[in-house]
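Coordinate inspection notes
The lines below spell out each chain.
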2 protein chains.
Amino acid sequence: MEATADVISDHGIANTSVTRIIERAGLSRGMVHLHFQSKEDLLVGVARHMSEQYYAKLDGFLSQAGPKPQDKLEAIVTADLSEEILTRKSVNIWYAFRGEARSDNAFMAYSDTRDDALRNLIFETYLEIAAQSENPEMLARDATHGTIALLEGMWVDFFLHSDQFNRATAKRIVFRFVAALFPQAFDLQDGGPEKPN
Amino acid sequence: MEATADVISDHGIANTSVTRIIERAGLSRGMVHLHFQSKEDLLVGVARHMSEQYYAKLDGFLSQAGPKPQDKLEAIVTADLSEEILTRKSVNIWYAFRGEARSDNAFMAYSDTRDDALRNLIFETYLEIAAQSENPEMLARDATHGTIALLEGMWVDFFLHSDQFNRATAKRIVFRFVAALFPQAFDLQDGGPEKPN
DNA sequence: TATATTTATGGACGATTGTCCATTTTTGAA
DNA sequence: TTCAAAAATGGACAATCGTCCATAAATATA
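Side note on the overall build of chain A
Across its full length, chain A holds ten helices and zero strands. In terms of principal-axis extent, the alpha carbons of chain A reach across some 65 × 30 × 30 Å. Of all 197 residues assigned to chain A, the portion counted as buried reaches 52%. Nonlocal contacts in chain A, meaning residues at least 24 apart in sequence, comprise 60% of its contacts between residues at least 6 apart. Carbon and sulfur atoms provide 49% of the accessible area of chain A, an area that totals close to 8,900 Å². Averaging the positions of the 20 positive and the 29 negative side-chain charges in chain A gives two centres separated by 4 Å.

Right under this line is the structure:
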């Protein structure tokens, strides 16, 4: 399955054949249908693996974060742009599946990197920060929407221009947006701790 | 070629065969190689067409925009999220090509929706707005980076949840980011005209 | 109308696809 | 050591792939 991920990353899904997979894995032709019902099953397995890996690594960052909502949020953004999660191979695979997701419902289930679970976590975190604001719910909703869009956009930037991409810059820009929405909770430093002024 | 675009949108590139294309187009088998050197040539043609269409429609919006840099910027964001540019079919095709771009250098040339030309236009526009700021170049660079990332993220949001997507909301959130960076040049209204205060 | 040129057709080609299965090899318990 | 169960092999299969080309139809020129 690791070999399959490599092949997808290098050649895209359209050019991922059983022949190429078993060549890369050093196995024989029949193995694919011994462990998986079909080639599609194998691909779906890879897609699910990507999703699980994303959340496993994200949880690693979250568990080391402080108790404040600002800490949680910084952990999420940092994780999302970290070398552990955002790699050339991982984005290649993510976007390869995305491209085929429309035609394959099984892929669709795993093509939303930051799905409802993470979306809700971010929303609840923002809601906590925005508690004393005028319209906390809408502010939190906008902040969630914008943050996820920014992160997604940074991934695409990494995907298209990974040689010029800079994680610290990306993180700084994301937090510039966050800080603008919550001037009391965040300062403009590099995603740093809160400075209630 | 229009038929090819339809097939890609519906079935993804992996499942786009010559048979399916000629069925959809109502033509015969040999036509593909009469008008195009190969199937790949045809696909590259579609990719180029997408890129040309994007810029053609964007120019339509820009030509109707006012003279102020704020007007230009609003035109760009509005166009990018408009019903003319951002459609289910168009995003399906864009992301289908993206997924295969890594393995095909010809696709790579057209996979960057908002390429250097637009990036520079946005940067120059921001530079104009940021002229009297402390560090105009860095501010304009960050604003360009963030704006493009936000737009890209909104596209992905539309791609994954087109049924829940709301253009006005997306636009509002983008301008919330922009307004935060340039409080003197933009007010917080829905992408509205500038309010120098 | 007769002829030359362009455009379109669809059957056939070898190559490659995903899948299957009769074998062989390896493993582990008796 | 013996033998049944599990794992792995790789050749063969029908189907489909992209490509090609000998024709036929349509169009333009004389």
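Text resumes after the structure shown.
Concerning the protein's contact with DNA strand C
Around DNA strand C sit 16 residues in total, of which V18, R29, H33 and K39 of chain A together with G30 of chain B are the nearest. Protein-proximal atoms of DNA strand C, defined as those within 4 Å of the protein, fall in sugar or phosphate at a share of 54%. Interatomic distance of 2.4 Å between a side-chain N/O atom of K39 of chain A and a phosphate oxygen of DNA strand C. Elements that contribute at least two residues to the surface near DNA strand C include exactly α2 (18-25) of chain A together with α3 (31-35) of chain B. The element contributing the most residues to the surface near DNA strand C is α3 of chain B, with three residues. Class assignment of the residues belonging to the surface near DNA strand C gives a composition of four nonpolar, nine polar and three charged.

Remarks on the interface of chain A and chain B
Counting residues at the interface gives 42 residues for chain A, matched by 42 residues for chain B. Both sides together, the interface formed by chain A and chain B hides about 3,500 Å², and carbon and sulfur atoms give 60% of it. Together, R102, H145 and L160 of chain A form the three largest contributors to the area buried by chain A at its contact with chain B, with a combined 16%. Our count for the contact surface shared by chain A and chain B stands at five salt bridges.

A few points about the environment of R167 of chain B
All names here are of chain B. The residue R167 is located in helix α10 (residues 167-181) in this model. With 151 residues separating them in the primary sequence, R167 and T16 have C-alpha atoms 30 Å apart. When sequence neighbours within four positions are dropped, the list of residues in contact with R167 reads L81, S82, E83, L86 and F158. A polar side-chain atom of R167 sits 3.1 Å from the main-chain carbonyl oxygen of S82. Engagement of the side chain of R167 in a polar contact is seen with the backbone oxygen of L86, the distance being 3.1 Å.

What to know about the pattern of salt bridges
A pair can form between side chains of opposite charge whenever their charged atoms are brought close. Considering all chains together, one arrives at 19 salt bridges over all chains under this definition. Where R114 of chain A meets E152 of chain A, a salt bridge forms, and the shortest distance between an N and an O atom there is 2.6 Å. With R114 of chain A in the loop between α7 (105-108) and α8 (116-129) and E152 of chain A in helix α9 (residues 136-160), this pair connects stretches of sequence that are 38 residues apart. With respect to burial, R114 of chain A and E152 of chain A carry one shared label: buried. One salt bridge in this structure joins K89 of chain B and D6 of chain B, with 2.8 Å as the shortest N-O distance. Placement of K89 of chain B in helix α6 (residues 88-101) and of D6 of chain B in helix α1 (residues 2-11) is noted, with a sequence separation of 83 residues between them. Note on K89 of chain B: relative accessible area 28%, which makes it partly exposed.

Focus on the protein's contact with DNA strand D
For DNA strand D, the set of nearby residues contains 16 residues, the closest of which are G30 of chain A together with V18, R29, H33 and K39 of chain B. Within 4 Å of the protein, atoms of DNA strand D come from sugar and phosphate in 55% of cases. A distance of 3.4 Å is found between a phosphate oxygen of DNA strand D and a side-chain nitrogen or oxygen belonging to H35 of chain A. Separating a phosphate oxygen of DNA strand D from a backbone N or O atom of V18 of chain B is a distance of 2.8 Å. Those elements giving two or more residues to the surface near DNA strand D turn out to be α3 (31-35) of chain A together with α2 (18-25) of chain B.

Examining helix α6 (residues 88-101) of chain A
For α6 of chain A, with 14 residues, the first-to-last C-alpha span of 20 Å sits near the 20 Å given by 1.5 Å per residue. Most of α6 of chain A sits out of view: twelve of its 14 residues are buried.

Side note on the environment of S38 of chain A
Position of S38 of chain A relative to the elements: it lies in the loop between α3 and α4 (39-63). Linking S38 of chain A and V18 of chain A, residues 20 residues apart in sequence, is a C-alpha distance of 10.0 Å.

A closer look at the relation of the copies chain A and chain B
By a simple turn and slide, chain A fits onto chain B: the slide is 0.0 Å along the axis, the RMSD is 0.1 Å, and the turn is 180 degrees. Here the transformation between the copies is reduced to the relation of a two-fold axis.

Criteria and thresholds
Residues numbered from 1 in each chain as written. Chains lettered and ligands numbered in written order. Predicted model: local features only at pLDDT ≥ 70, side-chain atom pairs only at ≥ 80, totals over all residues. Heavy atoms only, no water. Helix = DSSP H or I, 4+ residues; strand = E, 2+ residues; numbered from the N terminus. Buried < 20%, exposed > 50% of the residue type's maximum accessible area, 1.4 Å probe, protein only. Contact = heavy atoms within 4.5 Å. Areas by Shrake-Rupley, 256 points an atom, 1.4 Å probe, with all protein chains shown as cover. Lys, Arg positive; Asp, Glu negative; His and termini not counted. Charge placed at Lys NZ, Arg CZ, Asp CG, Glu CD. Near = heavy atom within 4 Å. Polar contact = N/O pair within 3.5 Å; in protein donor to acceptor, adjacent residues only side chain to side chain. Nonpolar A, V, L, I, M, F, W, Y, C, P; charged D, E, K, R; others polar. Buried area = accessible area lost by both parts, 1.4 Å probe. Salt bridge = Lys/Arg side-chain N within 4 Å of Asp/Glu carboxyl O. Expected span 1.5 Å × (residues − 1). Least-squares fit on C-alpha atoms with pLDDT ≥ 70 in both.

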